[in-house]
2 protein chains.
Amino acid sequence: METARLHDGILDINRFGIRAHRLSQVASVGAPVPPALVIADAALAVESFSDFKAELESHLIQGKLYTLRASPGRADWGGPHTFLALGMNDDVFNEMIAAGDVLTACELYRQAIASFGLAVSGLDGEPFETLVAQFGSYSPDENEERAIELLKATRELYKAETDEDFPQDPIEQLAGAVRSMARQWHAPTAKILRNAKGAPEDAHLALVLQEMVHGLGATNGVGRIQAVDPESGSRKLNGMFVKATLSAAGANPSKQWRIEKNKNGPSLEQFDSKAFQKVIAQIAPITKVIKDAPELKFVIENGKVFITEALLARRSPRASLQILLDLVEAEALSREDAITRIDPSSIAAFLHPQIDPDAPRDILAQGVAASPGAATGAIVFSAEHAMSAHSQGQDVILVRHETSPDDIRGMHAAKAILTVRGGMTSHAAVIARGIGLPCVVGAQNLRIDAASAQIITSDGNVLNSGDIITIDGSNGDVLRGAPAKIEALLDERIDQVLRWANDLRRMGIRVNADTPDDARRALRFGVDGIGLCRTEHMFFAQERLRNMRRMILAETAQERREILTELEPGQTADFIEIFEIMKGLPVTIRLLDPPLHEFLPKTDDDLPTIAETIGVSSNDLARRIRALHEFNPMLGMRGVRLGLIMPEIYEMQARAIFAAAAEVNKSAEQPVVPEIMIPLVSANREVELVKSRIDKIAANIAKKSGVEVPYRLGVMVETPRAALRAGDLAKSAEFLSMGTNDLTQMTYGLSRDDAGRFMREYVNTGVFQEDPFLTIDIEGVGELLHEAVKRGRESNRSLLIGLCGEQGGDPNSIHFCELENFDYVSCSPYRVPVAQIAAAQAHILLKKKV
Amino acid sequence: METARLHDGILDINRFGIRAHRLSQVASVGAPVPPALVIADAALAVESFSDFKAELESHLIQGKLYTLRASPGRADWGGPHTFLALGMNDDVFNEMIAAGDVLTACELYRQAIASFGLAVSGLDGEPFETLVAQFGSYSPDENEERAIELLKATRELYKAETDEDFPQDPIEQLAGAVRSMARQWHAPTAKILRNAKGAPEDAHLALVLQEMVHGLGATNGVGRIQAVDPESGSRKLNGMFVKATLSAAGANPSKQWRIEKNKNGPSLEQFDSKAFQKVIAQIAPITKVIKDAPELKFVIENGKVFITEALLARRSPRASLQILLDLVEAEALSREDAITRIDPSSIAAFLHPQIDPDAPRDILAQGVAASPGAATGAIVFSAEHAMSAHSQGQDVILVRHETSPDDIRGMHAAKAILTVRGGMTSHAAVIARGIGLPCVVGAQNLRIDAASAQIITSDGNVLNSGDIITIDGSNGDVLRGAPAKIEALLDERIDQVLRWANDLRRMGIRVNADTPDDARRALRFGVDGIGLCRTEHMFFAQERLRNMRRMILAETAQERREILTELEPGQTADFIEIFEIMKGLPVTIRLLDPPLHEFLPKTDDDLPTIAETIGVSSNDLARRIRALHEFNPMLGMRGVRLGLIMPEIYEMQARAIFAAAAEVNKSAEQPVVPEIMIPLVSANREVELVKSRIDKIAANIAKKSGVEVPYRLGVMVETPRAALRAGDLAKSAEFLSMGTNDLTQMTYGLSRDDAGRFMREYVNTGVFQEDPFLTIDIEGVGELLHEAVKRGRESNRSLLIGLCGEQGGDPNSIHFCELENFDYVSCSPYRVPVAQIAAAQAHILLKKKV
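All figures in this text were calculated on a predicted structure; none of them were measured in a lab.

Peer 1: Can you help me understand the overall build of chain A in this one?
Peer 2: Within chain A one finds 33 helices and 32 strands. Across its three principal axes, chain A shows a C-alpha extent of roughly 110 × 65 × 50 Å. Taken over 850 residues, chain A has a buried fraction of 56%. Intrachain contacts of chain A at a sequence separation of at least 6 include 67% that bridge at least 24 residues. By element, 50% of the accessible surface of chain A is carried by carbon and sulfur atoms, the whole surface being about 34900 Å².

This is how it looks when you write it as structure tokens:
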């Protein structure tokens, strides 16, 4: 059994828990902390009781009272309730009575008996409370007698329920308390709750046995204080102070007083300005030693100040940044330490566009602010409609009574989600936060009339499908029209933190950007390039889609080639624009990936119109759609398979890439080196065949344009086989980019679109520890990635390794990539700052370990 | 440069090729083989020409002629054409003229010049042939002068085309010939062709330089002979003999003569009975030394017999078995060696049911016999119809103009395929052979009238959808009705071979059997148990399907549970029957695997009827079908996912299994130990959860029935993640069964149903070396299997390892499983004998290597 004294140096958090660790830090700077013995493991203390007893006997001072408090490894892992006034017995009580403090003595004895009865003897709390309530109405002059009566009744109640007298031996009290706390800590529910917060299976509980300061009495009280404003993080004293009046029914706390002098009511400063000064004086040294802004709990007892607990100051995400900046400025914290303190996910909240505070708001309805950010778009009432509108480049808001897994694809296609039903944990809210979409749920004063395809507001406004609305997911407003929006990243605090993160990270952070707009936004975040430019989105624009469909319906390769020639100038222009924006930074272009049927209409209703547009009969179009139908499109003719069976498509894309790069490089200061990425590879021969075609095209364009464009060819590792054969692939490829979305789907045999039906239940019941689409499954997908990196690098020392799945914006996954020494990760624009911070953290932590 | 003499002992096949190896064996038993020098590597001979020249000089005998022949590692790897009459020059020619053999001398010289000109100097063959044709019409008495004229013209043509005289130095001729053969061997096309037949990348070419015997002249000739009948394999001399008349235009071969005396025409026996006896006398000793029935090529020259080549006797698959049996009986071959000689795939041809030869045949049409066996069923005209009829337990014949990848699922559901168009390599033919379905293609005297859904035969017969026909895929007949059929495996030769194979194999061979009928058929093949009993098929019978659908449409778990109780007795009865048939052999039952929507109607047409049958509204049914729709059903809610989200389904199945086993074990001599297999696992927690439920049910049934049923729980390893986590799984499971169909799909990210569109092109262009669904992809899927076996066994020493994908019937895959020490493979009933032989072969070969 391991124990330590609080004043004997700073205690290790892993052995003695967070409470003991912090208190030992506080004590180390001379702050007035009551002496305490720390027991490293409550369960072990119970097991080896004889050691424990001997230790206690040498420690306990006869006549003193003690508190026993939980000291878990992390504050949010919970822990059993505190025991008060341990050591109280008739002798101590009589000494206190003799000293004249009858009410205090009674109250402490009563508390000791009741809390012991509840926790150790397992008694019901209600009879004890009823007793107290019975004594609540006596007049102050009867207080002392009645308090003694209450205590007596409490002792009798204890005896009646347990058939024993309240134990008088302090050691016996303490042994019972420790046993009780160990038992509570190891109860299954407690375990599940703390495991959900990341506690390891074998997390133990340390205990702090401390001399009790109670703050009862006329000149005494308890309070908490912090020196930073919880909202803004700026320097401002706040907190509260409470003093208790004692009566027959025990302690009766006052209202919360303020800390500083204030005209609106009483304050600690007025009540005891010396104590106030003493308390304030503790904050600066404690800040230094814990390297963070503290919230201190203090007790004032007979003119003395005691610090009983040091927590971290309460703070909003925004405030937490300010605090860190101040700590660094005050040299209380290094930049490295500051960066590791940030919860990267909290950054996401700042990064969504917001409605301009000065813009007029035409509020139609209000609901629950379920996922932050503001977005504007046309109303659609179904997932199908959202997908088809999206495929035509339209911004839409998906409006539903509530969403179901069937809506997930539609949600991905929408700019924001609005539901009439549901709360913060509804399907819509959970998914929207996951994919970073603004979302308002439970807008109950709206009514959806399915028959007329209209929204009717409570004051009779009618909105039709296609009408433009704006969703403010940060405050729950639903607004008519498109109020002006502001980008949120202009906050200087975030810029500062990101600058540090970018200095401190090793791994490149790139962005998944498909359009010039995406590229521009990404550059503002200070990315290292585009890690994934999906070219399919470039063909959904109205006029291109028409040609794309004609191409798909063409009967011969020759015909296809001709139509592709019509599509080529647009594609070339896209690349020119993106290359110019990126000014020589790497741009990874993925050749066409989705199966061709994704470009064809999804429902029969559109057939006649579309058939007319592209100049075929409805029957022909329907026949072709049927012919292209796939049972499992994700595992069908897409990616490089399409590229090899219809080589003219990739050839057109390659021509567009080289022509664009040649054009840009003619005058650019920093010439672009395009990176061409082949999707859905499962065999190296696929890469070789595509490579030989691309090489020819590159040579052709160089001859024609007179500009030689160097380029890098890469493979997207999305199939388990590609991961296993990475050694081969690395001979043909200059980079491998881990496509962890598809790789996860294939490794689990699990379609993300279809997993919605059961993923929540799977995670809740612990079948999967986490949703593997949100964070890399280290044990399965992780092993494939590890092997791919190892084999790839073994066969090609200069191989670049990246990741471009959605996990690229997930801090845990980024940590894994740092461990595996990836060259970069690429993620969606709004996740870039999250990734930058997470990458810096991972690098800092890893350096420390090494 | 390595060389060897043919008569100096038996030459290693790996260094000197198959021709030299066989000839050295023939020479070793004293048969009259002309002397020869064997050059191990043509390319090396070219490289180190000085060694080669020295060697040649010491070997060549002035005045003799030589042939130079290719000796590749295997006969079917091809090889350059033979050079004749090397060494011929003016001196040799003049000697022959002086000896009086003018026509022979001219012909040999002309052959030498022409073949040298073509192969070494790269001349066009046509002018040489034109020359010969010009001399074809002279009368016999002008022969000698004209032959000299032809030779002169040939020499002039050579000089005109090459600007050089025909080289007179035999060494120079030989050097040119060797260079030419080396070049041809390493030409890209030749390489591709032999690689396709399994030649390694670095396969070299050996050469046999042999003294030439030409067989020209009145008393001479050439022939081939074998002592077994090519059709039946029984002992019967056959072959042919040819003698050439020489004329001005060279050698003019006779018609083929028979070997033995025959009243219908001339024979070797009549022509030269001594030579005939000498030839026959060679067969027995050569049979002994090559351990197989030979086909000998021989030359008779001036009364002498020479053996110039020993091939394996020509034989049908049936004959080859007879030959092996005879060789074993004659103790020329061990059983082990006999088994390794069999091409396991050839066995499949014997195993399909055939139409009883005595049954009357009402022939409607004839087409190409594309895939063997006979099958009877009702006509259907679409894949959808085939699937729905199949799902109702009906046997159907799918009739199409031609098939496309869209038909593949329908083909799997049909008993046979009939197409109006196409040949042996049409889509229908290829797929049907792959999945072992009888198939007739190109039945062009049939007409399909789509509008009336009828087949019209050329003589006006009309067949409607639903009419019963029979397909004879072994001879191409399409028959009306259901003629009697016979099982084919009654052939005693096959039984004998299978008995040997079953004695000689280590690995268990189980069968994939879903019904009592399958189980009975499998037992006749002598299997070691059922390795995969798919329970979904048990719910497609009419009355069960109705309840299954009601269950799927139920709104609550309670309602589902009630309907499942109605399904339980049928399921129990199925298992009782199968357990009784299998008499204590292992039976592996896979819990329900497919997604529930597979049990619902596929087209809207059936909705009203089905809705009425199960007692819901059409709208409700349509809504539920929509709700169950999945984007990628293979990666959706199926297998253990279904089992965990709707636990009542697996619970019903477990109850049925244990109740059936308890019932059977009450009286069985060999009690059944059911093996319960969980499909589509990706995490061990899935197994633990199912296991704990099954354990409870087993205990319940034991209590109720008084019979304790031991059972084994296993996991089907179908996802890459399950393979990687096999170490965990093996802690919960007693066996792992590799589900290589799905594992291949997921490792490649490739749906088998959708791969049809491009698989052929992928294999043809070498992107994939083989179709990974037919034979295990060693480099990708194989690595996952290897790791799964290793990790599984490391964590559970008594773990059983099996395989139950379709590759379980593929010889190459079986070889892999033997290497990895699998306990068993399981395959479809008609592949069982193939698997038994392949398993024996693998074991024999592996023992030899060790």
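After that view of the structure, there is still more to cover.
Peer 1: Looking at this model, I keep getting lost on the relation of the copies chain A and chain B. Mind explaining?
Peer 2: What relates the two chain copies is a rotation about an axis together with a slide along it. Once turned by 178 degrees and shifted 0.1 Å along the axis, chain A lies on chain B with an RMSD of 0.4 Å. Those values place the two copies in the arrangement expected of a two-fold rotation axis. A shared interface surface links the copies, since 100% of the contact residues of chain A are contact residues in chain B too.

Peer 1: I tried to follow the interface of chain A and chain B on my own but got confused; where do I start?
Peer 2: How big an interface is tends to be reported as the loss of accessible area on association of its parts. Counting residues at the interface gives 52 residues for chain A and 52 residues for chain B. Of the roughly 4600 Å² buried at the junction of chain A and chain B (both faces included), carbon and sulfur atoms supply 54%. When the buried surface of chain A facing chain B is broken down by residue, F631(A), L635(A) and R721(A) rank first, second and third, together holding 15% of it. There are 8 salt bridges connecting chain A and chain B. Note that R721(B) and D777(A) form a salt bridge whose closest N and O atoms lie 2.7 Å from each other. At the surface where chain A touches chain B, the tally comes to 24 residue pairs in polar contact (both at pLDDT 80 or more). Broken down by element, the side of chain A that touches chain B gets its largest block of residues, 6 residues, from helix α30 (residues 752-764) of chain A. Considering only residue class, the side of chain A that touches chain B consists of 23 nonpolar, 11 polar and 18 charged.

Peer 1: It is not clear to me how the packing of aromatic side chains should be interpreted in this structure. Could you clarify?
Peer 2: Aromatic ring pairs: the centre-centre distance and the angle between the two ring planes describe each pair. Inspection of every chain in the model, using the stated rule, returns 28 aromatic pairs over all chains. Both rings, one in W257(B) and one in F271(B), keep their centres 5.4 Å apart while their planes meet at 75 degrees; by these two values the pair is edge-to-face. Taken together, the residues span a long stretch of sequence, with W257(B) in the loop between β9 (250-253) and α10 (268-271) and F271(B) in helix α10 at a distance of 14 residues. By relative accessible area, which is 28% here, F271(B) ends up partly exposed. An aromatic cluster is defined as three or more aromatic residues linked by ring pairs; in this entry it consists of F93(A), Y109(A), F116(A), Y158(A) and F166(A). Just above the ring of W185(B) sits the side chain of R194(B); from NZ or CZ to the centre is 3.8 Å. Here the guanidinium or amino end of R752(B) rests over the ring plane of F773(B), the centre of that ring lying 6.0 Å away.

Peer 1: Looking at this structure, how should I read the pairing of strand β7 (residues 235-242) of chain A?
Peer 2: Relative to β7(A), strand β6 (residues 221-228) of chain A runs antiparallel, the two being bridged by 6 bridges. By the bridge assignment, G223(A) is partnered in β7(A) with F241(A).

Peer 1: Mind showing me how you'd approach the sheet that holds strand β20 (residues 454-457) of chain B here?
Peer 2: Backbone hydrogen bonds hold the strands of a sheet together, and the pairing may be parallel or antiparallel. Residue and element names in this part refer to chain B. If you walk across this open sheet you meet the 3 strands as β19-β20-β21, and the pairing is antiparallel. Every interior strand has two partners, whereas the edge strands, β19 (446-449) and β21 (462-464), have only one. Neighbour-to-neighbour, the strand axes of this sheet turn through a mean angle of 25 degrees, independent of strand direction. Relative to β21, β20 is paired through 3 bridges, and the arrangement is antiparallel.

Peer 1: Honestly, a negative patch on the surface in this entry has me stumped. Any pointers?
Peer 2: On the surface, E57(A), D163(A), E164(A), D169(A) and E172(A) cluster together to form a negatively charged patch. Here D163(A) shows up in the loop between α7 (143-162) and α8 (170-185).

Peer 1: Before we go on, may I ask you to explain the packing of helix α32 (residues 811-819) of chain A against helix α33 (residues 832-849) of chain A in this structure?
Peer 2: How two helices sit against one another is set out by the angle between their axes and by the gap between those axes. Residue and element names in this part refer to chain A. Taken N-terminus to C-terminus, the directions of α32 and α33 make an angle of 45 degrees; their axes are 9 Å apart at the nearest point. Compared by their axis directions, α32 and α33 come out oblique. Judged by the sense of rotation from one axis to the other, the crossing of α32 with α33 is right-handed. In contact with P811, I814, H815, E818 and L819 of α32, α33 contributes V834, A835, A838, A839, A842, H843, L845 and L846. Considering only residue class, the contact of α32 with α33 consists of 10 nonpolar, 2 polar and 1 charged.

Peer 1: What is the right way to look at the side chain of E648(B) in this model?
Peer 2: Within the secondary structure, E648(B) sits in helix α25 (residues 647-667). Setting aside residues up to four positions removed in sequence, E648(B) forms contacts with A557(B), R560(B), R561(B) and L564(B).

Peer 1: Would you mind going over the sheet that holds strand β7 (residues 235-242) of chain B with me for this structure?
Peer 2: Residue and element names in this part refer to chain B. Across the sheet, 4 strands lie side by side as β7-β6-β10-β11; this open sheet has antiparallel pairing. This sheet does not close on itself; its edge strands, each paired only once, are β7 and β11 (304-312). Strand-to-strand twist in this sheet, taken as the mean axis angle between neighbours without regard to direction, amounts to 20 degrees.

Peer 1: Can you help me understand the nonpolar core in this one?
Peer 2: Considering soluble globular proteins, one finds that nonpolar side chains tend to be buried as a cluster. Residues F579(A), F658(A), M738(A), F579(B), F658(B) and M738(B) are the most contacted members of the largest nonpolar core, which totals 270 residues. Residues contacting F658(A), with those up to four places away along its chain left out, are I676(A), I694(A), I697(A), A698(A), I701(A), V709(A) and Y711(A). Among the nonpolar cores identified, the runner-up in size contains 57 residues, and A85(B), L108(B), F166(B) and A199(B) belong to it.

Peer 1: Where do I start with the pairing of strand β11 (residues 304-312) of chain A in this structure?
Peer 2: Side chains on a regular strand alternate between the two faces of the sheet. Residues and elements named next belong to chain A. Bridge analysis of strand β10 (residues 294-301) against β11 gives 8 bridges, and the strand direction is antiparallel. Each residue of the ladder has a partner; that of E295, found in β11, is L311. Between β10 and the antiparallel strand that follows it, β11, lie 2 residues; N302 among them carries a positive phi value of about 50 degrees.

Peer 1: Which parts of the structure should I look at to understand the state of the cysteines?
Peer 2: Two cysteines whose sulfur atoms are joined by a covalent bond form what is called a disulfide. Residue and element names in this part refer to chain A. Inspection of every chain in the model, using the stated rule, returns 0 disulfides over all chains. Cysteine C804 is unpaired, with the sulfur of C827 as its nearest cysteine sulfur at 11 Å. With a relative accessible area of 4%, C804 lands in the buried category.

Peer 1: Help me understand unusual backbone geometry in this model?
Peer 2: Working note: non-glycine residues mostly have negative phi, and peptide bonds are mostly trans. Residues and elements named next belong to chain B. The phi dihedral of N302 falls on the positive side, at around 50 degrees, and the residue is not glycine. With respect to the secondary-structure elements, N302 resides in the loop between β10 (294-301) and β11. The phi dihedral of A453 is positive, around 55 degrees, even though this residue is not glycine. Mapped onto the fold, A453 is located in the loop between β19 and β20. When its relative accessible area of 30% is taken as the criterion, A453 is described as partly exposed.

Peer 1: Help me out: how do you make sense of the pattern of salt bridges in this one?
Peer 2: Think of it this way: side chains of opposite charge can pair up when their charged atoms draw near. All names here are of chain A. Following the criterion strictly, the structure yields 98 salt bridges over all chains and no others. D326 is the partner of R235 in a salt bridge, and the nearest nitrogen-oxygen pair spans 3.5 Å. One end of the pair, R235, is in strand β7; the other, D326, is in helix α12 (residues 317-329), with 91 residues separating them in the sequence. Judged by its relative accessible area of 61%, R235 is exposed. Three or more residues joined by partner-sharing salt bridges are found here, namely E536, R590, D593, R638, E718 and D742.

Peer 1: Explain the confidence of the model for chain A to me, please; I cannot follow it from the model alone.
Peer 2: Where the model shows low pLDDT, its predicted coordinates should not be examined in detail. Averaged over every residue, the pLDDT of chain A is 90; residues scoring 70 or more account for 98%. Interface confidence for the predicted complex, given as ipTM, is 0.79, next to a pTM of 0.80.

Peer 1: Looking at this structure, I do not really get the side chain of S732(B). What am I missing?
Peer 2: All names here are of chain B. Position of S732 relative to the elements: it lies in helix α28 (residues 726-732). Within the structure, the side chain of S732 is placed 2.9 Å from the side chain of N684, a separation counted as a polar contact. Beyond its immediate chain neighbours, meaning those up to four positions away, S732 contacts N684, V687, E688, K691 and L713.

Peer 1: Is there a simple way to explain the environment of V497(A) in this structure?
Peer 2: Residue and element names in this part refer to chain A. Within the fold, V497 resides in helix α18 (residues 492-504). Note: C-alpha distance between V497 and I342 (155 residues apart in sequence) is 9.4 Å. The contact partners of V497, leaving out residues within four places of it in the chain, are L321, L325, I339, I342 and I837.

Peer 1: I tried to follow the packing of helix α20 (residues 542-553) of chain B against helix α22 (residues 607-614) of chain B on my own but got confused; where do I start?
Peer 2: Residues and elements named next belong to chain B. Orientation of α20 relative to α22, taken along the N-to-C sense of each, is 85 degrees, at an axis distance of 9 Å. Compared by their axis directions, α20 and α22 come out roughly perpendicular. The segment α20 lies against α22, with R546, R549, R550 and L553 engaging I610, T613 and I614. Classifying every residue of the contact of α20 with α22 gives 3 nonpolar, 1 polar and 3 charged.

Peer 1: Looking at this structure, how should I read α22(B)?
Peer 2: Residues lying three or four places apart along an α-helix face the same way, a consequence of the helix completing one turn every 3.6 residues. Residue and element names in this part refer to chain B. Three or more residues of α22 are buried, namely L607, I610, A611 and I614. Down the axis of α22, the buried side of the element spans an arc of 105 degrees, and every buried residue falls inside it. In α22, the exposed residues that point more than 90 degrees away from the buried face are T609 and E612. Trailing α22 by a residue or two, G615 shows a phi angle of about 75 degrees, which is positive.

Reading the values: the criteria
Residues numbered from 1 in each chain as written. Chains lettered and ligands numbered in written order. Predicted model: local features only at pLDDT ≥ 70, side-chain atom pairs only at ≥ 80, totals over all residues. Heavy atoms only, no water. Helix = DSSP H or I, 4+ residues; strand = E, 2+ residues; numbered from the N terminus. Buried < 20%, exposed > 50% of the residue type's maximum accessible area, 1.4 Å probe, protein only. Contact = heavy atoms within 4.5 Å. Areas by Shrake-Rupley, 256 points an atom, 1.4 Å probe, with all protein chains shown as cover. Least-squares fit on C-alpha atoms with pLDDT ≥ 70 in both. Buried area = accessible area lost by both parts, 1.4 Å probe. Salt bridge = Lys/Arg side-chain N within 4 Å of Asp/Glu carboxyl O. Polar contact = N/O pair within 3.5 Å; in protein donor to acceptor, adjacent residues only side chain to side chain. Nonpolar A, V, L, I, M, F, W, Y, C, P; charged D, E, K, R; others polar. Phe/Tyr/Trp six-rings, centres within 6.5 Å; stacked < 30°, edge-to-face > 60°. Lys NZ or Arg CZ within 6 Å of the ring centre and 35° of its normal. Pairing = 2+ DSSP bridges. Axes fitted to C-alpha atoms, helices over the stretch in contact; angles between N-to-C directions. Patch = residues over 30% accessible without salt bridge, like charges linked within 9 Å, V, L, I, M, F, W, Y side chains within 5 Å. Lys, Arg positive; Asp, Glu negative; His and termini not counted. Charge placed at Lys NZ, Arg CZ, Asp CG, Glu CD. Parallel < 35°, antiparallel > 145°, perpendicular 65-115°, else oblique. Left-handed = near helix turned anticlockwise from the far one by under 90°. Core = buried A, V, L, I, M, F, W, Y, C linked by side-chain atoms within 4.5 Å. Disulfide = S-S within 2.5 Å. pLDDT = per-residue confidence, 0-100. Arc of directions from axis to C-beta.

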